[in-house]
Amino acid sequence: MGDLVDRGNRILDTVKLVRNMVTAGTGICVPGNHEHKLLRKLRGKNVRVNHGLQQSLQEIDAIPENIRETSIKQLREFFDSLVSHYVLDGGNLVVAHAGMKKEMQGRGSGAVREFALYGETTGEIDEFGLPVRFNWASEYRGDAMVVYGHTPVPEAEWLNNTIDIDTGCVFGGKLTALRYPEKELVSVDAAKVYCEPIKPLGITNNRTAQQEIDDVLHIEDVLGKRIINTRLQNNITIREENSIAALEVMSRFAANPKWLIYLPPTMSPVETSQLPGYLERPEQAFAYYHNQGITEIICEEKHMGSRAVVVVCRDELAANRRFGVINEGIGIIYTRTGRKFFSDETVETELLARLHTALTDSNFWEIFDTDWVCLDCELLPWSAKAQGLLTKQYAPVGMSSRLALGDAIALLQQAQQRGVDISSQLDSYKQRAEMANLYVDAYRRYCWNVSDISDIKLAPFHILASEGAVHTDKTHTWHMEEIAKIAQTNPQLLIETNYRVIDLTDIEGKNQGILWWEQMTAEGGEGMVVKPLDYIVRGSKGIIQPAVKCRGKEYLRIIYGAEYDSQENCDRLRHRGLSHKRSLAMREFALGVEALERFVAKKPLRQVHECVFGILALESEPVDPRL
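Let us look at the structure shown here. Since the structure is predicted, the reported quantities are computational estimates derived from the model, not experimental observations.

What counts and how
Residues numbered from 1 in each chain as written. Predicted model: local features only at pLDDT ≥ 70, side-chain atom pairs only at ≥ 80, totals over all residues. Heavy atoms only, no water. Axes fitted to C-alpha atoms, helices over the stretch in contact; angles between N-to-C directions. Helix = DSSP H or I, 4+ residues; strand = E, 2+ residues; numbered from the N terminus. Parallel < 35°, antiparallel > 145°, perpendicular 65-115°, else oblique. Contact = heavy atoms within 4.5 Å. Buried < 20%, exposed > 50% of the residue type's maximum accessible area, 1.4 Å probe, protein only. Pairing = 2+ DSSP bridges. Polar contact = N/O pair within 3.5 Å; in protein donor to acceptor, adjacent residues only side chain to side chain. Salt bridge = Lys/Arg side-chain N within 4 Å of Asp/Glu carboxyl O. Phe/Tyr/Trp six-rings, centres within 6.5 Å; stacked < 30°, edge-to-face > 60°. Lys NZ or Arg CZ within 6 Å of the ring centre and 35° of its normal. Core = buried A, V, L, I, M, F, W, Y, C linked by side-chain atoms within 4.5 Å. Patch = residues over 30% accessible without salt bridge, like charges linked within 9 Å, V, L, I, M, F, W, Y side chains within 5 Å. Areas by Shrake-Rupley, 256 points an atom, 1.4 Å probe, with all protein chains shown as cover. Lys, Arg positive; Asp, Glu negative; His and termini not counted. Charge placed at Lys NZ, Arg CZ, Asp CG, Glu CD.

**Observations concerning the packing of helix α13 (residues 423-444) against helix α16 (residues 553-560)**
Interhelical geometry of α13 versus α16 gives an angle of 95° and a closest axis separation of 9 Å. Taken together, the axis directions place α13 and α16 in an arrangement best described as roughly perpendicular. Residues M435, L438, Y439, A442 and Y443 of α13 form the contact with α16, whose own contacting residues are E554, R557 and I558.

Structure below.
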């Protein structure tokens, strides 16, 4: 990485060791500004002898006179042979002494060599008499990983896919190496202080350089048409008009983006059932996965609540260290559109504290070797978040329907008493009145008064990620079992999700699954979510739907309206199209997993945010909201 000369002991022996490695093909070397300055001096140029150059010259002067000229020639030839920077691994890795901007990589010119040796300065001088260096890495947007040195730092840390590994060994710091492609850092403490630094190395704080830079997100990183590549699905296109809509939501309503490491994907319903009175049945879900070659599925009870993503940290120090947030507590609860779930911060704080206690009591932090976790949950009751929807939409519709139909029935009965034959109309209105009553009963099942925190329930169903791991490589039964261990420590707050594992080759097993769904929905349950046992399953054409929802007859009354199951309405609704909804679900799922993987890999926030923002943008695509 250069700067082999000028400071420390045995300067010429160090150069000889590196030169021999380069000659033997066991190593490569790029020049530093100190080699460049020494080379100019050896060529007879008038250079200022400072910053350790005198030590190199003293060692050269100490070479026996009979071999001195030969040794100097070898030094000149070696330094002159060094190229400014290397582009390695097919363009994935760039190595330069002071760094290398994206537009300069792989090019050769005086400007490129100058930047590789010295970086970029602001033109100012600091209080130590040294030039103020411009932090080019803070604006780096290249795909290649850039490894560099030049500026001593107390700790090597990643910033926008770049890393400075000069940890000031000569100043009593450490000698640091980066193992590639593992991205593993190996450091050895300096044996002593070889040279007192003019400028202190600086002090480390709890926030990384990346987190400091991530305090400001740039609008150009999200606006316009974008194409996002993910591990699960290539080339997900975000249209410009959807980006604008997402920016409106994100800028006005969203929580602190540093917490937003994931947004849940939308979910497609099952194929439409043809059985009289039904739009959705388990048979269609079973058939879908069986046709994809899947033999084992899991059916999970679908809680009638509101989707909530919960991030909990072991303490505020962990929240600061890992998420870069300051004075925002130990976590957050946010909605599927990235908004804070509770307007009352005291409710959120208490709920997070209780969940933290449950995690601690279940030894979660030790078992998972983590100090943070991201959970995918349903928060109940539904009315905790949907109170406005209830008071402004569902309740007025239910009340007005009951009153209007009740009055109409009374008038029809009076007409019938006068001998007018309106029996068919009266029967029709009585059926409609019964449907209105069922509609009111349907949404009331999912609401209860919330007087204090004890009335709120949380049903986690995915342990999405923790330090060093995204848990999409686990089966859904693993998620259910691990969550049950946490829930058992606080059953007043945490609900265990009922589920059934079904072998699709077993007719009796499928029948039992259908019966369970029928009983659950008959008792007022919303329905169930059907998933392959594995979190991610690939078919012949890529990954398949990670889940489909199968909702009960009475719950669908809330979605489609009180009279949706009349024959004429049912026949019309059976023509609903699912293809776009399914495509949307797949794209959002891929983006959600990608966001988690990027966060766990400690990628820059803008790269995590790109995926989260993409999900929010896709949500503005026109699709039937009732699906």
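What follows continues from the structure just given.
**Quick word on the pairing of strand β23 (residues 548-551)**
On β23, burial covers both faces: V548 and C550 on one face and K549 and R551 on the other are all buried. Note: strand β20 (residues 527-532) against β23, four bridges, orientation antiparallel. When the sheet's bridge partners are listed, M528 is paired in β23 with C550.

**Examining the environment of V30**
Relative to the elements of secondary structure, V30 occurs in the loop between α1 (11-24) and α2 (33-42). In this structure V30 comes out as buried when scored by relative accessible area, which is 2%. Spatially, the C-alpha atom of V30 lies 63 Å from that of Q284, the residues being 254 residues apart in sequence. When neighbours within four sequence positions are excluded, V30 is seen to be in contact with M1, G2, L82, V83, S84, H85, Y86, V95, A96 and H97.

**Some thoughts on the side chain of T266**
Structurally, T266 is set in the loop between α7 (240-253) and β12 (268-269). Side chain to side chain, T266 and K581 meet in a polar contact 2.7 Å long. Those residues in contact with T266 that sit more than four places away from it in its chain are R336, K581, L584, A585, E588 and E619.

**Some points on the sheet that holds strand β15 (residues 331-334)**
A sheet is described by the order of its strands in space; here five strands give the open sequence β15-β14-β16-β17-β18, paired in antiparallel fashion. Of all the strands in the sheet, the pair left with one neighbour each is β15 and β18 (469-470). With two bridges joining them, strand β17 (residues 457-466) and β18 adopt antiparallel strand pairing. Along β18, the bridge assignment pairs A465 with V470. Contacts from helix α10 (residues 345-361) reach β14 (306-313), β15, β16 (372-380) and β17 within the one sheet, and its direction differs from that of β14 by about 65°.

**Description of the side chain of T230**
With respect to the helices, strands and loops of the structure, T230 is situated in the loop between β10 (226-228) and β11 (236-238). Engagement of the side chain of T230 in a polar contact is seen with the backbone oxygen of Q233, the distance being 2.5 Å.

**Description of the pattern of salt bridges**
Under the defined criterion, the tally for this structure stands at 34 salt bridges. With a shortest N-O distance of 2.8 Å, D371 and R321 are connected by a salt bridge. With a gap of 50 residues between them, D371 in the loop between α11 (364-367) and β16 and R321 in helix α9 (residues 316-323) connect regions that are remote in the sequence. Note on R321: relative accessible area 28%, which makes it partly exposed. Note that D473 and K474 form a salt bridge whose closest N and O atoms lie 3.1 Å from each other. Here the residues in one salt-bridge network are R226, E594, R598 and E610, joined through shared partners.

**Topic: the packing of aromatic side chains**
Taken as a whole and assessed by the stated rule, the structure comprises 16 aromatic pairs. Taking 5.9 Å as the distance between ring centres and 85° as the angle between the ring planes, the aromatic pair formed by W136 and Y140 counts as edge-to-face. Residue classification places W136 among the buried positions, given a relative accessible area of 7%. Note on Y140: relative accessible area 3%, which makes it buried. Grouped by ring-pair contacts, the aromatic residues F115, W136, Y140 and Y148 constitute a single cluster. For the cation-ring pair, R281 lies above Y278, with the distance from its terminal atom to the ring centre recorded as 4.8 Å.

**Some points on the nonpolar core**
Residues W259, I261, F323, Y334 and W372 are the most contacted members of the largest nonpolar core, which totals 49 residues. Looking at this core element by element, the count peaks at ten residues for helix α18 (residues 579-600). If we skip the residues at most four places from it in the chain, F323 touches Q211, K258, W259, I261, V311, C313, A318, W372 and F599.

**Description of the sheet that holds strand β13 (residues 296-302)**
Spatially, five strands are ordered β12-β23-β20-β13-β19 in an open sheet, and the strand pairing comes out mixed. At either end of the open sheet lies a strand with only one pairing partner, and these are β12 and β19 (499-503).

**A word on a negative patch on the surface**
On the surface, a cluster of negative charge is contributed by E296, D503, D506, E508 and D534. Note on placement: D506 falls in the loop between β19 and α15 (507-522).

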